[in-house]
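# Overview (structure and organization)
Take a look at the letters that make up each chain.
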Amino acid sequence: MGSCKEQTEDPKPNCEFVSGPIIVGAGPSGLAVAACLSNHGVPSLILEKSDCIASLWQHKTYDRLKLHLPKQFCQLPLMGFPDNFPKYPTKHQFISYLEAYASHFSIKPRFNQAVQNASFDSAYGLWRVQTQDFLYISRWLIVATGENAEPVIPHIHGLDKFQGPIRHTSVYKSGSDFRNQRVLVIGCGNSGMEVSLDLCRYNAIPHMVVRNTVHVLPREMFGFSTFQIGMTLLKWLPVKLVDKILLLVASLTLGNTEQLGLRRPKTGPLELKSATGKTPVLDVGALSQIKSGKIKVVENVKEMTRNGAKFMNGQEKEFDSIILATGYKSNVPTWLKGCDFFTEEGMPKSPCPSCWKGCDGLYTVGFARKGLSGTAYDAVEIAKDIVDQWKTSQDCKKSSTCDPHIILVK
Ligand SMILES: Cc1cc2nc3c(=O)[nH]c(=O)nc-3n(C[C@H](O)[C@H](O)[C@H](O)COP(=O)(O)OP(=O)(O)OC[C@H]3O[C@@H](n4cnc5c(N)ncnc54)[C@H](O)[C@@H]3O)c2cc1C
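Small disclaimer: the values here were computed from a predicted structure and weren't measured.

## Describing the domain arrangement of the protein
- Looking at the assigned domains, one finds that the protein contains domain 1 (2-149 + 330-399) and domain 2 (152-327).
- Computed from C-alpha atoms alone, the centre-to-centre distance between domain 1 and domain 2 is 31 Å.
- Contacts between the two partners involve 9 residues from domain 1, matched on the other side by 12 residues from domain 2.
- Taken together, the residues of the side of domain 1 that touches domain 2 break down into 4 nonpolar, 1 polar and 4 charged.

Dropping the structure here:
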């Protein structure tokens, strides 16, 4: 292992020993775990590839986005949302909350530090975390790069032939760029539905491609959030029964979505979410636009042409633009090396809720497929787990028998 000492003798050191954990990613998860550690007196360093906190929310989301879940399920540990925030805060309110959160806990991430490689050096018992211009070393590595780090661009035959603009939802801001256009929206999850709804508001003609089965639920039932009802019922009833209740109420309030071309999966919405991470769509108005014909539901695409698409049922249509509402994926396998804690898809292999802890001082926050409520749980558990190790390392340091700096340069 190249020692930090050798490199710090350089007038411009390019290596740093971090006494507390290194956290990769300054999204809500990275901020939450830094705050929980700080609350126990443990310092940490966040490395963030972007130039701001919560870059997903600041740079990759559309203007009209609101939290999908009520605010009490989206707040980070130790500091709730301001009382004057609405039940479903806007993305701008959520970002202002995260900025206030970072400032309250004096969290100052190091920006423009994209982690390119991180690996555990078993000879020294330390993590080596390499960015484009710097090497960071610590006993602990906390992965907070998110389940949604990179857009998924599916292979669609002939996509490169299409002459019009093609955008992933991560760069879609508003329907104002698509006024009066025929837009093919590929994907019917929450993003596909909400983008289609937004396009309607700008007189565009969205055609939403439904490639798979999908559960659409009303956002609220009897004035309560559907998510809240589901979580409450789960305390008393098995998941299959809760799913049956949710689907019964959904069919009474929304009608038969299958008739609109939205076939439901065989597995219920909550069971499916916990097994695969696939989130049900919480309807915020797209369904009524589908019913009125303003959003057109279309079959899967067979191939793209210069001016449009050929569908599986043999139909052909012309389009001005394509929006890929095809989701996101984790990027962990691209930078975390020599570690078999994650699957090839970049998700923890071990079942949640205990998926926050790996071995050799490795932790993950925000990978439990439970959104921000999962983040809050992970952050609290990780801080509790690290605090004792931190105290022991500080005691060691005082007695100078096991100072990691000494280990590092010997
Ligand atoms: C449109 C949309 C709406 C959503 N709405 C909700 C909702 O209402 N409620 C809910 O609970 N969840 C929602 N989610 C899920 C959302 O992903 C999480 O709520 C939240 O953003 C997860 O936080 P995170 O910190 O784990 O990941 P992210 O917010 O993705 O943050 C990860 C950070 O890591 C950084 N990073 C990535 N790779 C590297 C690297 N190699 N080196 C350094 N930094 C890196 C990124 O730049 C980013 O800043 C939504 C997601 C989307 C896309």
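Next, the rest of the story.
## Quick notes on the nonpolar core
- Ile22, Leu31, Val33 and Ile142 are the most contacted members of the largest nonpolar core, which has 60 residues in total.
- For Ile142, the residues in contact, after removing those within four places along its chain, are Pro21, Ile22, Ile23, Val33, Tyr363, Val365 and Ile382.
- Counting 39 residues, the second-largest nonpolar core is a separate cluster that includes Phe178, Ile186, Ala204 and Ala286.

## Some points on the site of the ligand
- Taken together, 34 residues are adjacent to the ligand, and Gly25, Gly27, Gly146, Gly366 and Gly371 come closest.
- For the shell around the ligand, the secondary structure elements donating two or more residues are helix H2 (28-39), helix H3 (55-59) and helix H11 (371-399).
- Considered class by class, the residues forming the shell around the ligand number 16 nonpolar, 16 polar and 2 charged.

## Observations concerning the packing of helix H6 (residues 226-234) against helix H7 (residues 239-254)
- At a minimum axis distance of 9 Å, the contact between H6 and H7 shows a crossing angle of 145°. In terms of crossing hand, the pair formed by H6 and H7 is right-handed. Between H6, through Thr226, Gly230, Leu233 and Leu234, and H7, the contact on the second element is made entirely by Val239, Val242, Ile245 and Leu246.
- A per-class count over the contact of H6 with H7 returns 6 nonpolar, 2 polar and no charged.

## Considerations on the sheet that holds strand S17 (residues 301-304)
- Spatial strand order, S17-S18-S19: 3 strands in an open sheet with antiparallel pairing. One side of each edge strand has no neighbouring strand; the edge strands of this open sheet are S17 and strand S19 (316-318). Sheet twist, expressed as the average angle between the axes of neighbouring strands with direction ignored, equals 25°.
- As paired strands, strand S18 (residues 308-311) and S19 are joined by 3 bridges and run antiparallel to one another. The residue of S19 that forms the bridge with Lys310 is Glu316.

## Quick notes on the sheet that holds strand S3 (residues 45-47)
- Reading across from one edge, S3-S2-S7-S22 is the order of the 4 strands in this open sheet, with parallel pairing throughout. Unpaired on one side and paired on the other, S3 and strand S22 (362-364) mark the two borders of the sheet. On average, each strand axis in the sheet is inclined to that of its neighbour by 25°, with strand direction left out of account.
- With 3 bridges connecting them, strand S2 (residues 22-24) and S3 associate as parallel partners. Of the residues in S3, the one forming a bridge with Ile22 is Leu45.
- The sheet contacts of H2 involve S2, S3 and strand S7 (141-143), and relative to S2 the element is tilted by about 160°.

## Considering the pairing of S17
- In this structure, S17 lies alongside S18, joined through 3 bridges in antiparallel fashion. Bridge assignment links Val301 to a residue of S18, and that residue is Phe311.
- Taking the residues that link successive antiparallel strands as the turn, the S17-S18 hairpin has 3 residues.

## Here's the deal with the pairing of strand S5 (residues 126-130)
- The buried fraction of S5 amounts to 4 of the 5 residues, a majority that puts the element mostly inside the structure.
- The pairing of strand S4 (residues 117-121) with S5 spans 5 bridges and is antiparallel. Directly across from Asp121, in S5, lies its bridge partner Leu126.
- Here S5 runs beside strand S6 (residues 135-138); their pairing, made up of 4 bridges, is antiparallel. Bridge pairing in S6 places Trp127 opposite Ser138.
- Where S5 hands over to S6, the hairpin turn is made up of 4 residues, counted between the paired strands.

What counts and how
- Residues numbered from 1 in each chain as written.
- Predicted model: local features only at pLDDT ≥ 70, side-chain atom pairs only at ≥ 80, totals over all residues.
- Domains from an automatic or database assignment.
- Contact = placed C-beta atoms within 7 Å.
- Nonpolar A, V, L, I, M, F, W, Y, C, P; charged D, E, K, R; others polar.
- Core = buried A, V, L, I, M, F, W, Y, C linked by C-beta atoms within 7 Å.
- Buried ≥ 20, exposed ≤ 12 C-beta atoms within 10 Å, placed from the backbone.
- Near = placed C-beta within 6 Å.
- Helix = DSSP H or I, 4+ residues; strand = E, 2+ residues; numbered from the N terminus.
- Axes fitted to C-alpha atoms, helices over the stretch in contact; angles between N-to-C directions.
- Left-handed = near helix turned anticlockwise from the far one by under 90°.
- Pairing = 2+ DSSP bridges.

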